[in-house]
Amino acid sequence: MQIKEHHRWDLKYEEAVALQTELSKKLILNDSFGAIEKIAGVDVKCVKERNEVLGVVIIFSYPELNIIEIKMAKDVISYPYIPGLLTFREGPVVEQIFTQIKNIPDLVFFDGQGYCHPRRFGLASHMGLILNLPTIGCAKNKLCGNYKEPSQTKGSYSYIFDDGEIIGAALRTKNEAKPIFVSIGHKVSLISAIKFTLSVSKFRIPEPTRIAHNYLEGIV
DNA sequence: GCGACAG
DNA sequence: ATCTTGTCGC
Ligand SMILES: [Mg+2]
């Protein structure tokens, strides 16, 4: 798919932070999508040993979840891991992969935060804006904010608050398991993000990102 | 200064 | 993310 020209990725800390604060204003926080027939799962892994970053995007039919397309790309690690600036480390490869994608997804799941971010602009939100696609952030851990533990039943959730604002939800995607931190990426409301995430969860990690992650495990 | 801290 | 054996539980 075609991706519009945008800002540089090699920004210094202060510049990156300022960019996030600015671009967050452009996010669409309500439902702005049509029929969801194809969804995508994205994941990235870093092999420090070889100084390379590997990424994969898997397209699935929805709700069947049959794999339709798989594309991956490799790049050199060009940015350190800094909490809050993960996009500058993983974004470049992800963008490169979407360039090769033929089946444009109607919704994309990311392994990381979206709006649940200090500047309300995590990986899922940033990529959603760049790709101009509906996105959802599904993180395995919390980055910021406070929440009360949801009940142990699959499907229950509690909102994550920060600075008096709801920025995401701690969603129980599996009984008795640690919750998944769901947040708006772009063009999908929080309640819909929760609904979609639950609809693709067979285990703790939602299928799109779980399968993308497993795929990378099998790559040398 | 101290604690928190996506992947 | 990566390192890395065993161990607990269904
Ligand atoms: Mg990941």
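The structure we're discussing is the one just above.
Predicted, not measured: the structure shown is a model, and the values here were computed from it.

We now examine the pattern of salt bridges. What the rule picks out here adds up to nine salt bridges. Among the salt bridges present, the one from K71 reaches E69, with a minimum N-O distance of 3.0 Å. Among the charged side chains, a network of salt bridges with common partners joins R120, D162 and E165.

Moving on to the protein's contact with DNA strand C. Residues in contact with DNA strand C, as listed here, are K45, C46, K140 and H213. Sugar plus phosphate, as a fraction of atoms of DNA strand C within 4 Å of the protein: 100%. The contact in question runs from a phosphate oxygen of DNA strand C to an N or O atom on the side chain of K140, over 3.5 Å. A distance of 3.0 Å separates a phosphate oxygen of DNA strand C from a polar side-chain atom of H213. Of the residues in the surface near DNA strand C, the class split is one nonpolar, one polar and two charged.

Bringing the environment of I67 into the picture now. Tracing the sequence through the fold places I67 in strand β3 (residues 67–76). According to the relative accessible area criterion, I67 is partly exposed, its value standing at 47%. In this structure the C-alpha to C-alpha distance between I67 and P208, which are 141 residues apart in sequence, comes to 9.7 Å. Residues within four places of I67 in sequence aside, it is in contact with I58, I59, F60 and I211.

Turning our attention to the protein's contact with DNA strand B. Close contacts around DNA strand B come from 17 residues, with Y81, G84, L86, K140 and N141 the closest. When atoms of DNA strand B within 4 Å of the protein are sorted by moiety, sugar and phosphate together comprise 50%. Within the backbone of L86, a nitrogen or oxygen atom sits 3.0 Å from a base nitrogen of DNA strand B. Between K140 and DNA strand B, the recorded distance is 2.7 Å, taken from a backbone N or O atom to a phosphate oxygen.

Okay, the packing of aromatic side chains next. For the coordinates displayed, the defined rule picks out six aromatic pairs. A centroid spacing of 5.7 Å and a plane angle of 65° characterise the contact between F33 and F196, whose relative ring orientation is edge-to-face. With a gap of 163 residues between them, F33 in the loop between α1 (13–23) and β1 (38–47) and F196 in helix α4 (residues 190–199) connect regions that are remote in the sequence. Taking 5.4 Å as the distance between ring centres and 75° as the angle between the ring planes, the aromatic pair formed by Y147 and F181 counts as edge-to-face. On the criterion of sequence distance, the pair formed by Y147 in the loop between β5 (135–139) and β6 (157–162) and F181 in strand β8 (residues 180–186) is long-range, its members being 34 residues apart. An aromatic cluster is built from W9, Y79 and F88, whose rings are joined through pairwise contacts. One residue, R120, lies across the ring of Y115, its end atom 5.9 Å from the ring centre. The ring of F196 has K195 lying over it, and the distance from NZ or CZ to the ring centre is 4.5 Å.

Turning our eyes to something else, we now look at helix α2 (residues 87–100). Over its 14 residues, α2 runs 19 Å from end to end, which matches the ideal 20 Å to within 8%, given 1.5 Å per residue. With eleven of 14 residues buried, α2 lies mostly within the body of the structure. Looking only at α2, the buried set comprises T87, F88, R89, E90, G91, P92, V93, V94, E95, I97 and F98. The elements touched by buried residues of α2 are α1, β1, β2 (52–61), β3, β4 (107–110) and α3 (123–131).

Definitions and cut-offs
- Within each chain, residue numbers correspond to sequence positions counted from 1 in written order.
- Note on labels: chains are lettered from A, ligands numbered from 1, in written order.
- Note on the predicted model: pLDDT of at least 70 is required for a residue's local features to be given, and 80 or more for side-chain atom pairs to be given and counted; whole-chain, interface and lining totals, by contrast, use all residues.
- Computation of side-chain values covers all heavy atoms of the structure but excludes hydrogens and water.
- A side-chain nitrogen of Lys or Arg and a carboxyl oxygen of Asp or Glu constitute a salt bridge if their distance falls within 4 Å.
- Residues are counted as near a molecule or strand when any one of their heavy atoms sits within 4 Å of it.
- Contacts described as polar in this section are N or O atom pairs within 3.5 Å, which, within protein, must combine one atom able to donate a hydrogen with one able to accept it, while residues neighboring in sequence count only if both atoms come from side chains.
- Residues are sorted three ways: Asp, Glu, Lys and Arg are charged, Ala, Val, Leu, Ile, Met, Phe, Trp, Tyr, Cys and Pro are nonpolar, and all the rest, Gly among them, are polar.
- Put simply, DSSP marks the helices as runs of H or I at least four residues long and the strands as runs of E at least two long, and each gets a number from the N terminus on.
- In this scheme, a residue with accessible area under 20% of its type's maximum is buried, one over 50% is exposed, and one in between is partly exposed, where area comes from a 1.4 Å probe on protein chains only.
- Contact definition: two residues touch when any of their heavy atoms are within 4.5 Å.
- Two rings from Phe, Tyr or Trp (for Trp, the six-membered ring) form a pair when their centres sit within 6.5 Å of each other. Planes less than 30 degrees apart are called stacked, planes more than 60 degrees apart edge-to-face, and all others tilted.
- Throughout this description, the term charge over a ring refers to an Arg CZ or Lys NZ atom that lies within 6 Å of the ring centre and within 35 degrees of the ring normal.
- Multiplying 1.5 Å by the residue count of a helix minus one yields the expected span of that helix.

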